Amino acid sequence: MSMGFDKEIFKKSVLFNMKNVFRKTVDEATPEQMYQAVAYAVKDVIIDEWIATHKAYEDQDVKTLYYLSMEFLMGRALGNNIISIMAQPEVKEVLEELGFDLNTIEDQEPDPALGNGGLGRLAACFLDSLATLGYPAYGCGIRYRYGMFKQKIEGGFQVEVPDDWLKNGYPFELRRAEYATEVKFGGYVNTIRENGRERFIQEGYQSVLAVPYDMPIVGYGNNVVNTLRIWDAQAINTFSLDSFDRGDYQKAVEQENLAKTIVEVLYPNDNHYAGKELRLKQQYFFISASVQRAVMKYMEKHEDIHKFFEKTVFQLNDTHPTVAVPELMRILLDDYSLSWDEAWEITTKTCAYTNHTIMSEALEKWPIELFSRLLPRIYQIVEEINRRFQQKIMEMYPGSQEKLRKMSIVYDGQVRMANLAIVGGFSVNGVARLHTEILKNQELKDFYQMMPEKFNNKTNGITQRRFLLHGNPLLAEWVTRKIGNDWITNLPHIHRLAIYADDPRCRQEFMDIKYQNKVRLAKYIKEHNGIEVDPRSMFDVQVKRLHEYKRQLMNILHVMYLYNQLKDNPNLDMVPRTFLFGAKAAAGYERAKLTIKLINAVADVINNDRSIGGKIKVVFIEDYKVSNAEIIFATADVSEQISTASKEASGTGNMKFMLNGALTLGTMDGANVEIVEEVGAENAFIFGMSSDEVIRYENEGGYNPMEIFNNNYEIRRVLMQLINGYYSPQNPELFRDIYNSLLNTQSSDRADTYFILKDFPSYAEAQRRIDQAYRDEAWWAKAAILNVANSGKFTSDRTIEEYVKDIWHLEKVKVELEEA
Ligand code: GL4
């Protein structure tokens, strides 16, 4: 129990909020109202720590991290906040006394889903770790009116439903109108002479008012509360327009519309750039507001803008926030009248960039026409950054058009954001060892050769507080009973579990907990999808965004192949298995959506075939999101991490599965490499081509999937079933596009771009090894426990400590609460 937490005061606070917000007593309250009242009561506890934290930061004049990100996939806050203030047992009791169940109350909260997948969830894990470790940090992002769409499955197809997460108000957020900031778009740049210098001013622009909403990020048991600041857009009051523009009705209406649309919706693309103008507006909107505020905050307490970088660091979460580089330059040049060299030194000592993908379709490149029209002054600055950088290239590589072509920031009519991020900062990092090596030796080779000192690796991590302590309470209690509870803030200590891996009783306890968790998920699936699953079967799980490179298709093709074997031989000796899928496809990604339909079509046929004796079940879990992820990870026996080697920068789901005792079935890709290194190859199932082999085929050619099709009967049979109506009798042509993607060369693309057929035989073979291994219960339990025991490296606490040491250079702060 936390020192400051008083059960009776808390109870009164719940009753007070119920009355004050809903004019109700607890007996009349719905679970949703109870959730709100409890959330307000928890916020009330947090607020004092929040104030104390910011006072400590001010008193100690700390260096502050601004983690700039278009996405924060937070998941529900209530349960985690209760855990972080160490009041879970007491809150549970209070609720029981009032006639409510804590889990039911937690389930009332909408998932704030202001992110797509791994990249946004990583940002959320980082905020948790920063607060728990006591580092001064802000997350800065956008308060999307609609977050990630909700997924419904209708007739096997994905249907996107808007996510109206703010419908009932969000109790944990705080509107901070006093920090509202103006952001300007469009118009033109004028120069005036002032004290013998040229000054640049933007005129004829439209502007919006950025209004911040703050959410508390509660450190675990340490009184530290950091802030996630997400910006809302509001129309600028017509009366505050320039006198020239006053009464310009047209302009007022346009500004109103701009404000309305700018934060309307999160773009639902993962690892894909759509090039929409509104997206660039979103980027500049939250970056300009965040950077302006960071500078103002610094200047409140400091005299000398030249030392800005000593107290501030901006981490750019992928290239989406890269306009921070020219925006900071603009403020230093135009508002603080610094020289170019002074401004450049400050900017490049403040900004650092993380690369999260090598997928070429994710590379952000804005047409000059669009960029300069929307951000005229920013574009001027980018051009000048580019001019000076090209000069540097020419000094180092005289006459090399090749180097200019590859590294220029403005080139071929486009502004290349990755190049700008690399040039405008002091650090470039990848997110797993293999990924960073690929950046250095392939994708960003020229930059690495020119500025090797900037490059470094920071292997991703996840927070054990959400993905074990909150998500898997049975296992968390078991671990604590065995080894004590310091794994909660020091995950490597979980290695002490290793000795229990050899104890038959512990193995049994562990597998019993897995079973209980399967029962919990089975109940969820029954309630939400109406499908029965057998908790005694092996759970083989692939949950992540749907993307061709992640190869959900290979997984379902293998299920089809297994089913064929069972049909040939109904007595086939195999361990009963439930294949679970969960994935959202970007709304415009047709092939990904068709893959969802295929999974559901296969599920329909197999789940209704009594002749196979229930040996295979296939379940597509609707609306995969952080809150159901927590209960899915807890159930898994097999963790499917089967991306084409070199394509998955890191993956983080892989770590969440490992922490919950699933064995990895994976390629040597992303962080899988390091997972296998920690747990030992004998406790994982590795298959497929290496990234070197994949890259060699990509560069030199020589892969022909048709050869495999012609020579492998089993594969041919499965592929034919895609086009002969086996799974779509009403419309045999339905899956033609998937069939074509594997076999036919389309325009520029090689057939089977992601080497599904190439890796299929070794994948099927690894699946056979799993079937065999699972029969040895003792062995399996041991390997599962060893996965948990060796997951210590993959805490985001470790990742954050590495960022702090190598990039951010922050100091830990202690927050003491005054006695009430
Ligand atoms: C991603 C990568 O695809 C994923 O491998 C990685 O774990 C994650 C966080 O670093 O970033 N990049 C993009 S884009 N979306 C992701 O999830």
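Once a new chain begins, its residue numbering starts again from 1 and follows that chain's sequence as written. In keeping with the model being predicted, local features are shown solely for residues with a pLDDT of at least 70 and side-chain atom pairs are shown and tallied solely at 80 or more, while totals for entire chains, interfaces and linings include all residues. The basis for every side-chain value is the complete set of non-hydrogen atoms in the structure, without hydrogens or water.

Taking an unreviewed UniProt entry as the reference, the protein is identified by name as Alpha-1,4 glucan phosphorylase belonging to Lacrimispora sphenoides JCM 1415. Its UniProt record gives the protein a comment under Catalytic activity (unreviewed entry), which states: "[(1->4)-alpha-D-glucosyl](n) + phosphate = [(1->4)-alpha-D-glucosyl](n-1) + alpha-D-glucose 1-phosphate". UniProt positions are given in the numbering used here, feature names are shortened, and annotations may be inferred rather than shown by experiment.

What follows is about the overall build of the protein. Think of it this way: any DSSP run of H or I at least four residues long counts as a helix, any run of E at least two long counts as a strand, and we number them from the N terminus. A tally of helices and strands in the protein yields 32 helices and 23 strands. Taken along its principal axes, the extent of the C-alpha atoms in the protein is 90 × 75 × 50 Å. Relative to its 820 residues, the protein shows a buried fraction of 61%. In what follows, residue pairs with any heavy atoms lying within 4.5 Å of each other are defined as contacts. Long-range pairs, those at least 24 residues apart, make up 77% of the contacts in the protein with a sequence separation of at least 6. Using the Shrake-Rupley algorithm and a 1.4 Å probe, accessible areas are obtained, with residue cover drawn only from the displayed protein chains. About 31,900 Å² of surface is accessible on the protein, with carbon and sulfur atoms providing 49% of the total. Neither His nor the chain ends is counted toward charge; the positive residues are Lys and Arg and the negative residues Asp and Glu. Charge coordinates come from a single atom per side chain, which is NZ of Lys, CZ of Arg, CG of Asp or CD of Glu. Here the protein holds 96 positive side-chain charges and 115 negative ones, and the gap between their average locations is 1 Å. Type-normalised accessible area, obtained with a 1.4 Å probe on protein chains alone, sets the label of each residue: buried when under 20%, exposed when over 50%, and partly exposed for intermediate values.

Right, let's talk about the packing of helix H30 (residues 756–775) against helix H31 (residues 777–789) for a bit. Geometrically, a packed helix pair is captured by the angle between its two axes and the distance between the axes. Interaxial angle, 0 to 180 degrees, is taken between N-to-C directions of lines fitted to C-alpha atoms, where a helix line uses only the stretch in contact. Axis separation between H30 and H31 bottoms out at 5 Å; the angle between their running directions is 105°. Put simply, H30 runs roughly perpendicular to H31. Facing H30, whose interface residues are Ile 770, Ala 773, Tyr 774 and Arg 775, H31 presents Glu 777, Trp 779 and Trp 780. Note on angle classes: values under 35 degrees are labelled roughly parallel, values over 145 roughly antiparallel, values of 65 to 115 roughly perpendicular, and the remainder oblique.

To continue, consider the site of the ligand. Put simply, a residue is near a molecule or strand once any heavy atom of it comes within 4 Å of that molecule or strand. Around the ligand, 13 residues are found, and the nearest of them are Asn 271, His 356, Asn 460, Glu 648 and Gly 651. Here an oxygen atom of the ligand sits 3.4 Å away from a polar atom, N or O, in the main chain of Ala 649. For the purposes of these results, a polar contact is taken to be a pair of N or O atoms within 3.5 Å, where, inside protein, one atom must be able to donate a hydrogen and its partner to accept one; residues adjacent in sequence count only when each atom of the pair is a side-chain atom. The contact in question runs from an oxygen atom of the ligand to an N or O atom on the backbone of Ser 650, over 3.1 Å. Throughout, the ten residues Ala, Val, Leu, Ile, Met, Phe, Trp, Tyr, Cys and Pro are labelled nonpolar, Asp, Glu, Lys and Arg are labelled charged, and all others, Gly among them, are labelled polar. Its residues assigned to classes, the shell around the ligand comprises five nonpolar, six polar and two charged.

All right, on to the sheet that holds strand E20 (residues 616–620) then. Strands qualify as paired when DSSP identifies two bridges or more between them. Spatially, E20-E19-E18-E21-E22-E23 is the arrangement adopted by the six strands of the open sheet, whose pairing is parallel. For this open sheet the edge positions go to E20 and strand E23 (685–686), each flanked by a neighbour on one side alone. With five bridges joining them, strand E19 (residues 577–582) and E20 adopt parallel strand pairing. Its bridge partner lying in E20, Arg 577 is registered against Ile 616. Here helix H20 (residues 504–529) sits on the sheet and contacts strand E18 (538–543), E19 and E20; the angle it forms with E18, its principal contact strand, is near 60°. Packing against the sheet, helix H22 (residues 590–607) makes contact with E19 and E20, and its axis sits at approximately 145° to E20.

Right, let's get into the pairing of strand E6 (residues 181–185). Side chains Thr 181, Val 183 and Phe 185 of E6 all project onto a buried face; the interleaved residues Glu 182 and Lys 184 project onto a face where none is buried. As paired strands, E6 and strand E9 (residues 206–218) are joined by five bridges and run antiparallel to one another. Within the sheet, the bridge partner assigned to Thr 181 lies in E9 and is Ala 210.

What follows is about the sheet that holds strand E14 (residues 410–411). Ordered in space as E13-E15-E14, the three strands form an open sheet in which the pairing is antiparallel. Where the open sheet ends on each side, the last strands, each with one partner, are strand E13 (365–367) and E14. In this sheet, strand E15 (residues 414–416) lies alongside E14 in antiparallel orientation, the contact comprising two bridges. When the bridges of E15 are listed, Val 410 appears paired with Val 415.

Another aspect to go through is the pairing of strand E22 (residues 663–666). Side chains Leu 663 and Leu 665 project from E22 onto one buried face, and the interleaved Thr 664 and Gly 666 project onto a second face that is buried too. Relative to E22, strand E21 (residues 638–641) runs parallel, the two being bridged by four bridges. Each bridged residue has a counterpart across the sheet, and for Gln 641 the counterpart in E22 is Gly 666. Every crossover in which the path from the first strand over the helix to the second runs clockwise, viewed with the strands pointing away from the viewer, is termed right-handed. Read from E21 through helix H24 (residues 653–659) to E22, the crossover connection turns out right-handed.

Membership of the largest hydrophobic core comes to 149 residues, with the highest contact counts inside it found for Met 34, Phe 185, Phe 285, Phe 314, Phe 371 and Trp 808. The contact partners of Trp 808, leaving out residues within four places of it in the chain, are Lys 63, Leu 65, Tyr 67, Leu 130, Val 313, Gln 315, Ile 800 and Tyr 803. Of all hydrophobic cores here, the second largest spans 124 residues; its members include Leu 521, Ile 525, Met 655 and Phe 687. The definition of a nonpolar core used throughout is a set of buried Ala, Val, Leu, Ile, Met, Phe, Trp, Tyr and Cys residues joined through side-chain atoms within 4.5 Å.

Our focus in this paragraph is helix H23 (residues 626–633). Burial analysis of H23 places eight of its eight residues in the buried class, the great majority of the element. Taken together, the buried positions of H23 are occupied by Val 626, Ser 627, Asn 628, Ala 629, Glu 630, Ile 631, Ile 632 and Phe 633. Residues of H23 that are buried sit in contact with helix H6 (118–133), helix H18 (464–470), H20, E18 and H24.

Turning to the pattern of salt bridges, a few remarks are in order. Definition used for salt bridges: Asp or Glu carboxyl oxygen within 4 Å of a side-chain nitrogen of Lys or Arg. Enumeration over the complete set of coordinates arrives at 65 salt bridges. Between Glu 96 and Lys 92 there is a salt bridge, and its shortest N-O distance comes to 3.4 Å. Of this pair, Glu 96 and Lys 92 both sit in helix H4 (residues 88–97), four residues apart, roughly one helical turn. Residue classification places Lys 92 among the partly exposed residues on the basis of a relative accessible area of 36%. Between Arg 717 and Asp 568 there is a salt bridge, with its nearest N and O atoms 2.7 Å apart. Separated by 149 residues along the polypeptide, Arg 717 in helix H28 (residues 713–723) and Asp 568 in helix H21 (residues 552–568) bring together distant segments of the chain.

Take helix H19 (residues 473–483) next. For H19, the full list of buried residues reads Leu 475, Ala 476, Trp 478, Val 479, Lys 482 and Ile 483. The arc enclosing the buried residues of H19, seen along the axis, measures out at 160°, which places them on a common side. Buried residues along H19 sit against H18, H20, H24 and H31. Following H19 by one or two positions, Gly 484 has its phi on the positive side, about 85°. An arc is given here, and it is the one of the directions from the helix axis to the C-beta atoms.

Along the chain, Asn 429 turns up in strand E16 (residues 427–430). You can call Asn 429 buried: its relative accessible area is 0%.

Mapped onto the fold, Lys 656 is located in helix H24. This buried residue, Lys 656, is left without a salt bridge; Glu 630 holds the nearest opposite charge, at 9.3 Å. Contact partners of Lys 656, with chain neighbours within four places excluded, come to Arg 121, Ile 462, Phe 467 and Phe 633.

A few words on the packing of aromatic side chains. Only Phe, Tyr and Trp rings take part, Trp by its six-membered ring, and two of them pair if their centres are within 6.5 Å. Stacked means planes under 30 degrees apart, edge-to-face means over 60, and tilted covers everything else. Tallying each qualifying case throughout the model produces 29 aromatic pairs. Centroid distance Tyr 66 to Tyr 138: 5.4 Å. Interplanar angle 5°. Geometry classified as stacked. Of this pair, Tyr 66 sits in strand E1 (residues 64–68) while Tyr 138 sits in strand E2 (residues 137–142), and the two are 72 residues apart along the sequence. An identical accessibility class is assigned to Tyr 66 and Tyr 138; each is buried.

Of note, Leu 114 is situated in the loop between helix H5 (102–106) and H6. Along the backbone, Leu 114 and Val 265 are 151 residues apart, and their C-alpha atoms lie at a distance of 9.1 Å. Discounting residues that sit within four places of it in the chain, Leu 114 has contacts with Met 70, Glu 71, Phe 72, Leu 73, Ile 142, Tyr 144, Gly 147, Trp 165, Ile 230 and Leu 266.

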